[in-house]
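Structural characterization, general
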Amino acid sequence: IALGACLNAGLLYHKLRQHDIYRPQPGWRTFALRVAAALIVMAAVLWVASGPDVSWLRSGTWVRVAHLAWVVIAGVASYFAVLWLTGVRLRDFVRRVA
């Protein structure tokens, strides 16, 4: 499903650009690179924080819940920390009215 959604978004972007309906604003590429860097760091943190499969299977319910909470918090924190370190601020997500 995710690959299909990415393919659909790519084709839509291509056609909108082809018909001159959509033009990205200046700075869009830099912003996308910053978000990509944050995603790569978050993926690495999630991979490390999740630990081996055996620890998930042998643990009790509450230990797994606590571990999952830790993994989610670590992923969120790493994502937003990288965005902040690369200069992305909350105001960058606010839509500007023309």
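So, here is what we can say about the structure in this document. Only a predicted model underlies this, so the values are computations on that prediction, with no experimental measurement involved.

Here is what the cut-offs are and how they apply
- Residues numbered from 1 in each chain as written.
- Predicted model: local features only at pLDDT ≥ 70, side-chain atom pairs only at ≥ 80, totals over all residues.
- Heavy atoms only, no water.
- Helix = DSSP H or I, 4+ residues; strand = E, 2+ residues; numbered from the N terminus.
- Rg over C-alpha atoms; globule rule 2.2 N^0.38 Å.
- Buried < 20%, exposed > 50% of the residue type's maximum accessible area, 1.4 Å probe, protein only.
- Contact = heavy atoms within 4.5 Å.
- Phe/Tyr/Trp six-rings, centres within 6.5 Å; stacked < 30°, edge-to-face > 60°.

1. Quick look at the overall build of the chain
Scanning the chain from terminus to terminus reveals 4 helices and 0 strands. Traced from its N-terminal end to its C-terminal end, the chain shows the element sequence α-α-α-α. Taking 13 Å as the expected radius of gyration for a compact globule of 98 residues, we find that the chain reaches 19 Å, considerably beyond that expectation. Reported as C-alpha extents along the three principal axes, the dimensions of the chain are approximately 55 × 30 × 20 Å. Residue burial in the chain is summarised as follows: out of 98 residues, 12% are buried. Restricting the contact set of the chain to residue pairs at least 6 apart, pairs at least 24 apart contribute 57%.

2. Some remarks on the environment of A38
Note on placement: A38 falls in helix α2 (residues 28-50). In this structure the C-alpha to C-alpha distance between A38 and W84, which are 46 residues apart in sequence, comes to 9.4 Å. Among all residues touching A38, those that are not within four sequence positions of it are Y79, V82 and L83.

3. Brief notes about the packing of aromatic side chains
Throughout the structure, instances matching the rule amount to 2 aromatic pairs. Taking the centre distance of 6.1 Å and the plane angle of 70° together, the rings of Y13 and Y22 count as edge-to-face. Judged by its relative accessible area of 34%, Y13 falls in the partly exposed class. Note on Y79 and F80: the rings are 5.2 Å apart at their centroids and 80° apart in plane angle, and the pair reads as edge-to-face. Look at Y79 and you get buried, because its relative accessible area is 17%.

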